[in-house]
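In case you want the letters, here they are:
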Amino acid sequence: MTVVLKVEDLWKSYKKNEVLRGVTFSVNEGETKVIIGPSGTGKSTLLRCINLLVRPDKGRIFLDGEEITRPGINEARVRSRIGFVFQHFNLFLHLTALENVMLGLTKVKGMPKEKAEEAAKKALLSVGITEDLWHKYPAQLSGGQKQRVAIARAIAMNPRLILFDEPTSALDPELIGEVLKVMEKLAKEGMTMLVVTHEIGFAMKVADEVMFMDGGRIIERGPPQEVILRPKNERTRRFLSRIWELYDLGVRG
Amino acid sequence: MALTVWDYLPVIFSGITNTLILTLAGVGLGFALGIPMAFAEVLGPRPVQLAIRWVGRVIRGIPLLVLLFIIFFGFPNIGITLPPIPSAILAIGIRSAAYQAQLFRGAVEGVGYGQLEAALSIGLTRWGAFRHVILPQALRLAIPGWVNEFTIVLKDTSLAYAIGVTEVFTQAVHVAQVILDYLTPLLVVAAIYFTITFTASRLAESVYRRVSVPGLGGGAAL
Amino acid sequence: MIDDILYIVERYWPLLLEGLKNTIIITAASYSIGVALGLSLALLRSYGPKALAAAVTAYVEAFRGTPMLVQLFIVYYSLPAFGIVLDPLTAAIVAIGLNSGAYQSEYFRGALAAIPRGQWEAALSIGLRKWAAVRYVILPQAWRVALPALTNELIYLLKYSSIAYFVTVPELVFMGKYIGSRTYMYLQVYTVITVIYVTLALTISEGMSRLERRLSVPGVSITGRGQ
Ligand SMILES: Nc1ncnc2c1ncn2[C@@H]1O[C@H](COP(=O)(O)OP(=O)(O)O)[C@@H](O)[C@H]1O
Ligand SMILES: [Mg+2]
């Protein structure tokens, strides 16, 4: 088993606000790990640290055994090996769907245009974005389509790992399914993924491990059946019961 | 036979060249100074950011006429004597730089942090992110502001009358003083300014439409 | 240089003070005209009869498309031919006020347009008539939205009051020129005058942003415009 990502005792605070308080875990090749937890507990900060968008105060992060938190690391190179899918898509507004996927290939990987275009099209097709949408601008796409393009943008770079930060939270309920399906397919194909989400259905079905975060710490972890159906921690239980309530409402309504 | 404004029309028109020279050189100088100012204010170290912000604020608080007089009448006090046209261009350019810096900084900030994060996340360097993602969007966002700035500068060139530049307004006033009728030459010169601003706006609009992208330009966007 | 500046302030402060007074009078008076005119024009253009709205549009475009200096010269030099003779100070106030009215009507119009449709519908739904809805629901929101632009306009007028120099109103720039011509210390005089303008401009901008904060209502968004 190859360890792709290892996070070791990560700490981060903003002024007096201690956001991460000693987070430790790792993700093996081909695994999908899901992080759940109340908002404001540092989940986004954790993902941003891993992608070097935020510098942790303390602790180390390893990608394929190489410490990426050490000073002097080539940040851009590290990021090109880690995909990031944002809650609000963050598609490049001045570029079409196809160009959004191509940008990293041409400007980061230095691929010639034709090759990049071919790879981008392949990535788009793999997330179900068909030819009729390739030349549309982000503003002309639905939320679900935008997020799938964003996933294609990450996939196309051929990353070692993709981070997802609540990829379906900004979507209308009827569009959530198409994005989750794409993610599930990715997981099945062996992509290594770290997913922050409140979609417990997805976690149950896809996750190899679920980690529950609260107050900047992982306070419970284990197989999804354990953590989601038989949580041990009181806070996990309370959080999940609220999620189930919403889930039931969603299913009925 | 009394001379009418129609006999003097060519005199007024002859001022258009200088008006356009002042406008284009002023906006150009403003761009050349304003863009680096904006960069430094967005990307520079904190003390530089603060310094530039204050320089901008101070310049935006000075009437153009005062800047013009400082340069044309004041600079000779420290041994720098500039002819009228360069004086006017310098004053107009400095004023415009302060506004263009503000304009462009606003556009860069308008692009938003999410775009920068996304650009970095695919492995672009900070400079690459700026060049391929932030800049193309910011330039588009800034176009309407630039058109506005151009028309403001065009109208402001009339102040160069105060230091004897023979631009179109000066010519109109001279004609008025000769034919002892102010209204006609002033309406003529008003029409000239209006035509130029109008044409420039239309032209810019068509450029804007050509480079515009759905969801980018004025409106809020994700 | 410092000595010269001190000398000028010491020797000529009464003239500078007189100039400052006139600068403030022009700015305040023309701004007041501009607010009243701008608001009326915006309401007419947004909610008035079609023909009037078209006339207002023509007025606004004419004033925004030509230099303030041209407008001032028309008011001061060519109105006498029609029997309207204004003294320099009044002419400056009228010309700058008319110009500002055109710009301010655009700020108000933008603010009116920024109020969501739902606000209208809600106002009408409780039985308010059109103008009552404008007065009690739309305007109280709109002018808060317009406030940053109106602040900029005041600073803009402070600076543009200097064009009164061209029709011999003894405001700051005029006094500067006079003092300069007597002392040949133009740079020193205009340095003093620059300090006065910048101090005034920063004071206005600080005061207005305080006012904005005090008047702000959560959710009524405030958006400024460039200049
Ligand atoms: N750039 C920042 N500056 C200051 N505080 C921040 C910043 N980013 C996040 N925080 C704070 O860190 C805490 C955790 O935020 P976040 O990681 O976004 O939580 P989550 O994703 O779990 O909702 C919050 O209290 C948030 O206000
Ligand atoms: Mg979050």
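To be clear, the structure that these remarks concern was listed above.
Residues numbered from 1 in each chain as written. Chains lettered and ligands numbered in written order. Predicted model: local features only at pLDDT ≥ 70, side-chain atom pairs only at ≥ 80, totals over all residues. Heavy atoms only, no water.

Q: Pulling in residues and values, what's your account of the interface of chain B and chain C?
A: Of the residues lining the interface, 39 residues belong to chain B; the matching set on chain C comes to 36 residues. Around 3200 Å² of area is buried between chain B and chain C when both sides are counted, 75% of it from carbon and sulfur atoms. Applying the counting rule to chain B against chain C returns zero salt bridges. Here chain B is connected to chain C by eight residue pairs in polar contact (both at pLDDT 80 or more). For the side of chain B that touches chain C, the secondary-structure elements that each account for two or more residues are α3 (46-60), α4 (64-74), α5 (84-111), α7 (126-156), α8 (168-179) and α9 (183-211) of chain B. The greatest single-element share of the side of chain B that touches chain C, amounting to eight residues, is contributed by α9(B). Grouping the constituent residues of the side of chain B that touches chain C by class yields 26 nonpolar, seven polar and six charged. (Contact = heavy atoms within 4.5 Å. Buried area = accessible area lost by both parts, 1.4 Å probe. Salt bridge = Lys/Arg side-chain N within 4 Å of Asp/Glu carboxyl O. Polar contact = N/O pair within 3.5 Å; in protein donor to acceptor, adjacent residues only side chain to side chain. Helix = DSSP H or I, 4+ residues; strand = E, 2+ residues; numbered from the N terminus. Nonpolar A, V, L, I, M, F, W, Y, C, P; charged D, E, K, R; others polar.)

Q: Can you break down the site of ligand 1 residue by residue, with the values?
A: All names here are of chain A. Around ligand 1 lies a shell formed by Tyr14, Asn17, Val19, Pro38, Ser39, Gly40, Thr41, Gly42, Lys43, Ser44 and Thr45. For ligand 1, an oxygen atom lies 3.2 Å from a polar atom in the backbone of Thr41. Taking Lys43, its side chain carries an N or O atom lying 2.8 Å from an oxygen atom of ligand 1. The protein chains hide 58% of the 560 Å² of surface that ligand 1 would expose on its own. Elements with a minimum of two residues in the shell around ligand 1: β2 (17-28) and α1 (43-50). Sort the elements by how many residues they give to the shell around ligand 1 and α1 lands first, with three residues. Split by residue class, the shell around ligand 1 holds three nonpolar, seven polar and one charged. (Near = heavy atom within 4 Å. Areas by Shrake-Rupley, 256 points an atom, 1.4 Å probe, with all protein chains shown as cover.)

Q: Could you give an account of the sheet that holds strand β3 (residues 32-36) of chain A, naming the residues involved and the relevant values?
A: To summarise the sheet geometry, strands pair through backbone hydrogen bonds and adopt either a parallel or an antiparallel arrangement. All names here are of chain A. Pairing in this open sheet of six strands is mixed, and the strands run β6-β7-β8-β3-β9-β10 from one edge to the other. Unpaired on one side and paired on the other, β6 (82-85) and β10 (217-222) mark the two borders of the sheet. When the angles between neighbouring strand axes are averaged without regard to direction, this sheet yields 20°. Where strand β7 (residues 161-165) and strand β8 (residues 193-196) come together, four bridges link them in parallel fashion. Along β8, the bridge assignment pairs Ile162 with Met193. This element, α1, spans β3, β6, β7, β8 and β9 (209-214) of the sheet and lies at about 155° to β7. Where helix α5 (residues 143-156) meets the sheet, its contacts fall on β6 and β7, and the angle it forms with β6 comes to roughly 170°. (Pairing = 2+ DSSP bridges. Axes fitted to C-alpha atoms, helices over the stretch in contact; angles between N-to-C directions.)

Q: For the pattern of salt bridges, give the residues involved together with the corresponding values.
A: Where side chains of opposite charge bring their charged atoms close, a pairing between them can arise. Residue and element names in this part refer to chain C. Evaluation of the coordinates by the stated rule reveals 35 salt bridges over all chains. Close ionic contact of Arg45 with Glu106 constitutes a salt bridge, the shortest N to O distance being 2.7 Å. Here Glu106 lies in helix α4 (residues 88-114) and Arg45 lies in helix α1 (residues 2-47), a separation of 61 residues in the sequence. Like Glu106, Arg45 is buried. (Buried < 20%, exposed > 50% of the residue type's maximum accessible area, 1.4 Å probe, protein only.)

Q: Would you mind going over the sheet that holds strand β1 (residues 3-14) of chain A in detail, with residue names and values included?
A: Residues and elements named next belong to chain A. The strand order β2-β1-β4-β5 describes an open sheet built from four strands, whose pairing is antiparallel. At either margin of the open sheet sits one strand with a lone partner, and together these are β2 and β5 (66-67). Bridge analysis of strand β4 (residues 58-63) against β5 gives two bridges, and the strand direction is antiparallel. Within β5, the residue paired with Phe62 across the bridge is Glu67.

Q: Provide a residue-level description of the arrangement of the chains, including the pertinent values.
A: If you rank the two pairs of chains in contact by how many contacts each has, first place goes to chains B and C. There is no contact between chain A and chain C; across them, the least C-alpha separation is 21 Å.

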